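Per-entry structural report
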Amino acid sequence: LSPARRCPPMARRLEVDGDALEVIPLGAGAEVGRSAVIIKYRGRQVLFDCGIHPAYTGMDTLPFFDEIDPGQVDLCLVTHFHLDHSGALPYFVNRTHFQGKVLMTHATRAICPYLWHDYARVSRVSETDHIFTREDIDKTMDRIEVVDFHQTVTSNGVSVTAYGAGHVLGACMFLVDIGGIRVLYTGDYSQDDDRHLPKAEVPPTEVHVLIVEATYGVQAHEPREQREQRLVQYIHQVVRMGGRCLLPVFALGRAQEILLILDEYWANNPDLHQVPVYYFSPMANKCMRVFETYTNMCSQDVQDKTNNSENPWDLKFVKHLSDQRRITEAPLGRTPCVVMAAPGMLQNGPSRDLFEQWALDRKNGVVFTGYCVQGTLAYKLRSEPDTFEMSDGRRMNIRAGIKFVSFSAHSDYNQTHDFITRLETQNVVLVHGEETQMAQMQVKLREDFPHVNVRAPSNCETIRYHFPAVTQLKIMGSLAGEVTKRRKLDDEPVTLSGVIVSTPDLQRTFLTPEELPQFTRLEAVEITQRQHIPLPSDHGFERVIAVLSGFLKPPVEVDGALRFCDALNVRREPVGCILEWKASPISDIVADTASLAILEWCVRAHVAPVLSDDRAHARGLPAVAAPAHLEAILRAYLTSAFGAVEVQGPGRFHMAQVVSKPGSDPVPVTVDCATKKVMCEDESLKKRVVQGISRCMTTFTMAKPF
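Position labels on residues start from 1 in each chain and follow its written sequence. Reporting in this predicted model follows two pLDDT cut-offs: at least 70 for local features of residues, and 80 or more for side-chain atom pairs to be given and counted; totals over whole chains, interfaces and linings ignore these cut-offs and use all residues. Where side-chain values are given, they derive from all heavy atoms of the structure, hydrogens and water being excluded.

From N to C terminus, the protein chain includes 20 helices and 35 strands. Exposure was quantified through the Shrake-Rupley algorithm and a 1.4 Å probe, taking into account, for residues, occlusion by the shown protein chains and nothing else. As presented, the protein chain carries roughly 34000 Å² of accessible surface, and 49% of it is formed by carbon and sulfur atoms. Under the DSSP-based scheme used, a helix requires at least four consecutive residues in state H or I and a strand at least two consecutive residues in state E, with every element numbered from the N terminus.

In structure tokens:
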């Protein structure tokens, strides 16, 4: 892996007391970009967001998917359409083994394909290094399922509810419930009321773990009115001096807020009516149709205008352009104007091209209104450098004015503090923040909330939370009536007998076996098991009964069979016996014990012919002469282990060509069973033969080693 893809070596596991829920950032851990956080609990896996890193290219932009098995992921929940939260989804869906569901809101699904196609078009990556293709995008769209705000979707035991997050159109936070444990993932959220969006909601329920963004660390946002005033005054100053002002913006999201601000300011300042404002985006018109469609997700002001038959997106002083050449060619290339162009961090594309042209003129100005990720040109400009590197590698002086006026719709520290207070959660995981910002925020939150467990993991770092197992049962049917009846008589504990059914949504139901078809899709069945065991002699059945009676209660005859422990029937067969029982925990134990005892007796009965008279008598087995059997067994063993065996007389075997080790000459070996001797010139080979015969005799006769 390249440095950008390599998982940090400091990754480690953190333990928190209780029952294990794992939280693992695959991206956005101590960084801003490629948001992807997976949780694992009770056999379920949920992936929050699936983004790319704007500062990298190719495979380096992806989250650390190699840290998980995508085939085990049940759900992928995408909070909003920004590429750092959704851009890796076509790759994840088509280039991995992921087979789960993908959920997002209607507006997010409508906008994502435009951004994905645009990213594939403007990203400067070789043909062999594309992370997804146009076909991948089309296949991904077929896999996406939509969810409304406040709608709950249940899949494979995981309940998901979406709540409004502000930030951008369609953005949501996801509340996930697995077995009664609730995890809230905010994604990017905003507590500010914008011109076109409402602020984020606070879910009205207990949350066990909160995974929240830490984009701005301990910083506090400037009041909105002051930010707007600084923005429009600087732009006004630039165009009044005959300059051109560039606003690098994300193609969608905060761009719509800036458009409304500029259109209102231009309307209130007649001297600006002749200064054009351009919104350059090849997909601007298409995406504006999405905003017009989903006005129900916008602010109350936008909804009121729509209800009054007004189009809030019909901007009088903003012109949409899809051809960059119209901006730079004469006469527009020399007249004052304002241009909003993507991308917002000058990685590439139109905004980068215009910056390289306009940054050389001191009359021009550049205003960054969004968050700047470390590693991008926009981030580097924050340190006010004198030069910058052009796309062709040349270094040029920066003469244009550079301003940063944040309209980034991310929560600041005060808003996050208020959010945690209202949510009353006990566990907080910080993501989506630079390492220093996250560390400072972690310290500050621990000071303000001493009782809250605050974590700030790096990428691939696993945090484990333990929660008591949920042991609630839903009693149904006649058992529920019995409980109610007994509770009316007294408050003593009630003993019930039934079965526990675990449903796919991890709920447990308690009812009688007879009522299974009524309340579930299951039926109670009875399994009869039969086992046939061959016996070594005609009197074997009587001997088996005697063996079983030695450790089980005496049998009772039932329907031609002998019944042990009211659980196991043993029947005589012409060539053995049949064990028969109804499957149950107790009957299975009795049957397993009986079959093991019978098999052990059979083994002992088979070896009886090779035992001496006194040993056979001591074991309760018939005594049979042994020599002929011993010779046959030894000859078979020697042939298998050392090669061809020649019989030179009773109990005497000779092997003429035995090789002791590879490359050595063969030597003869003679074995005399009567005198128990092995004759061989090679001492190591002689030792091997003696040990082999000893093991053979021990196995088959249980006698002293030969």
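Where helix α12 (residues 413-423) contacts helix α13 (residues 435-448), the two axes come as close as 12 Å, and the packing angle between them is 45°. Relative to α13, the element α12 lies oblique. Helix-helix and strand crossings are classified by hand; for α12 and α13 the assignment is right-handed. Residues Y413, T416, H417 and I420 of α12 form the contact with α13, whose own contacting residues are M441, K444, L445 and D448. Angles shown run from 0 to 180 degrees and are taken between the N-to-C directions of axes, each axis being a line fitted to C-alpha atoms and, for helices, limited to the stretch in contact. Should an angle fall under 35 degrees it is taken as roughly parallel, and over 145 as roughly antiparallel, whereas 65 to 115 is taken as roughly perpendicular and any remaining angle as oblique. Crossings are classed by handedness, with left-handed meaning an anticlockwise turn of the near helix from the far one by less than a right angle and right-handed meaning a clockwise turn. Residues are treated as being in contact if the distance between any of their heavy atoms lies within 4.5 Å.

By secondary structure assignment, the location of T140 is in helix α4 (residues 134-143). Accessible area is worked out with a 1.4 Å probe on protein chains only. A residue is then buried under 20% of its type maximum, exposed over 50%, and partly exposed in between. Given the relative accessible area of 0%, T140 is considered buried. Of the polar contacts made by the side chain of T140, one reaches the side chain of N94; its length is 2.9 Å. If we ignore the near neighbours within four places in the chain, the residues touching T140 are L89, P90, V93, N94 and W116. Nitrogen and oxygen atoms within 3.5 Å of one another constitute a polar contact, given that in protein one can donate a hydrogen and the other can accept it, and given that sequence-neighbouring residues count only through two side-chain atoms.

Any carboxyl oxygen of Asp or Glu that lies within 4 Å of a side-chain nitrogen of Lys or Arg is treated as forming a salt bridge with it. In total, this model carries 22 salt bridges according to the counting rule given. Between R95 and D136 there is a salt bridge, with the nearest N and O atoms lying 2.6 Å from each other. Residue R95 is found in helix α2 (residues 89-95), and its partner D136 is found in helix α4; the two are separated by 41 residues along the sequence. Judged by its relative accessible area of 38%, R95 falls in the partly exposed class. Relative accessible area serves as the criterion here: at 7%, D136 is assigned to the buried category. For E389, the salt bridge identified is with R395, shortest N-O distance 3.9 Å.

All right, on to unusual backbone geometry then. Both trends apply: most residues other than glycine have a negative phi, and most peptide bonds are in trans. Following A342, the chain continues into P343 via a peptide bond in cis, with omega recorded as 0°. A positive phi angle is found at R42, which is not glycine, with a value near 50°. Counting through the fold element by element, R42 comes out in the loop between β3 (36-41) and β4 (44-48). Judged by its relative accessible area of 32%, R42 falls in the partly exposed class.

In this structure, K677 sits in strand β35 (residues 677-679). Put simply, K677 and V690 are 13 residues apart on the chain and 8.5 Å apart in space, counted from C-alpha to C-alpha.

Each pair of strands is called paired provided DSSP finds at least two bridges between the two strands. Ordered by their spatial adjacency, three strands build an open sheet running β24-β26-β25, and the pairing between neighbours is mixed. The open sheet has two edge strands, β24 (474-475) and β25 (499-502), and neither has a second partner. Across four bridges, β25 lies against strand β26 (residues 508-511) in antiparallel orientation. By the bridge assignment for β26, I500 is matched with F510.

Note on sheets: strands pair through backbone hydrogen bonds, and any given pair is parallel or antiparallel. Read from one edge to the other, the open sheet built from six strands follows the order β15-β14-β16-β13-β17-β20, with strand pairing classed as parallel. One side of each edge strand has no neighbouring strand; the edge strands of this open sheet are β15 (318-321) and β20 (401-404). Across the sheet, the mean angle separating the axes of adjacent strands is 20° when strand polarity is ignored. Bridging between strand β14 (residues 277-280) and strand β16 (residues 337-341) involves four bridges; their strand directions are parallel. Looking at β16, one finds that V277 is bridged to V338. Sheet contacts for helix α6 (residues 254-268): β13 (244-248), β14, β15 and β16; angle to β16, the most-contacted strand, approximately 165°.

Looking at the protein chain as a whole, its pLDDT mean stands at 85, while 87% of the residues score no less than 70. This model gives residues 702-706 a pLDDT under 50, and the stretch forms 17 contacts once residues within four places in sequence are excluded. Note: pLDDT gives the predictor's confidence per residue, expressed from 0 to 100.

Of all five residues in β16, five are buried, a share of seventy percent or more. The alternating pattern of β16 places C337, V339 and A341 on one face and V338 and M340 on the opposite face, and all of these are buried. Examined bridge by bridge, β13 and β16 share five bridges and lie parallel to one another. Paired with L246 across the bridge in β16 is V339.

So, on to the packing of helix α3 (residues 106-122) against α4. Here α3 crosses α4 at 170°, and the two axes come no closer than 10 Å. As far as their axial angle goes, α4 and α3 are roughly antiparallel. Residues R109, P113, W116 and H117 of α3 form the contact with α4, whose participating residues are R134, I137, D138, T140 and M141. Of the residues belonging to the contact of α3 with α4, the class tally is four nonpolar, two polar and three charged. Throughout, the ten residues Ala, Val, Leu, Ile, Met, Phe, Trp, Tyr, Cys and Pro are labelled nonpolar, Asp, Glu, Lys and Arg are labelled charged, and all others, Gly among them, are labelled polar.

What follows covers the packing of aromatic side chains. Here a pair means two rings of Phe, Tyr or Trp (six-membered ring of Trp) with centres within 6.5 Å. Their orientation is stacked below 30 degrees between planes, edge-to-face above 60, and tilted elsewhere. Applying the stated criterion across every chain yields a total of twelve aromatic pairs. Taken together, a centroid distance of 6.2 Å and an interplanar angle of 10° make the contact between F65 and Y91 stacked. Of the two residues, F65 is situated in the loop between β4 and β5 (75-77) and Y91 in helix α2; the sequence distance between them amounts to 26 residues. Taken together, F65, Y91, F92 and F98 form an aromatic cluster joined through their ring pairs. Here, over-ring charges are defined by two tests on the NZ atom of lysine or the CZ atom of arginine: distance to the ring centre within 6 Å, and angle to the ring normal within 35 degrees. Positioned above the aromatic ring of F407 is the side chain of R227, whose terminal nitrogen or guanidinium carbon lies 5.6 Å from the ring centre.

We now examine the nonpolar core. Soluble globular proteins tend to pack their nonpolar side chains together in the buried interior. Buried residues of nine kinds, namely Ala, Val, Leu, Ile, Met, Phe, Trp, Tyr and Cys, make up a nonpolar core once their side-chain atoms join them within 4.5 Å. If you look at the biggest cluster of nonpolar residues, it comprises 99 residues, and the most contacted ones within it are L47, L89, L169 and L247. When residues of this core are assigned to their parent elements, the largest contribution, eight residues, is made by α6. Counting residues in each nonpolar core, the second largest holds 30 residues, with I39, L103, V153 and Y465 among its members.

Given a helix with a known number of residues, its expected span is that number minus one, times 1.5 Å. When the terminal C-alpha atoms of α6 are compared, their 22 Å separation across 15 residues agrees well with the 21 Å that a helix rising 1.5 Å per residue should span. In terms of burial, α6 is largely enclosed, as twelve of its 15 residues are buried. The set of residues buried in α6 consists of R254, A255, Q256, E257, I258, L259, L260, I261, L262, D263, Y265 and W266.

Below, the discussion takes up a nonpolar patch on the surface. On the surface, a cluster of nonpolar side chains totalling about 250 Å² of accessible area is made up of L473, I475 and I500. When you line up the elements, L473 lands in the loop between β23 (462-466) and β24. A patch is a set of surface residues, each over 30% in relative accessible area and not in a salt bridge, joined within 9 Å for like charges and within 5 Å for the nonpolar side chains Val, Leu, Ile, Met, Phe, Trp and Tyr.

As a further point, take α3. Between its first and last C-alpha, α3 extends 26 Å over 17 residues, near the 24 Å set by a 1.5 Å rise per residue. The seven residues ending at a residue and the seven starting there each receive a fitted axis; the angle between those axes is the bend at that residue. Along α3, the sharpest kink reaches roughly 30°, centred on C112 and followed within four residues by the proline P113.

All right, on to the environment of R95 then. Taking the C-alpha atoms as reference points, R95 and D136, 41 residues apart in sequence, are found 8.7 Å from one another. Residue contacts for R95: discarding those within four places in its chain leaves P90, H130, I131, F132, T133 and D136. Of the polar contacts made by the side chain of R95, one reaches the side chain of D136; its length is 2.6 Å.

Within the secondary structure layout, N269 lies in the loop between α6 and β14. Look at N269 and you get buried, because its relative accessible area is 17%. Sequence separation between N269 and H236 is 33 residues; the distance between their C-alpha atoms is 9.7 Å. At a separation of 2.7 Å, a polar atom in the side chain of N269 contacts the main-chain carbonyl oxygen of Y265.

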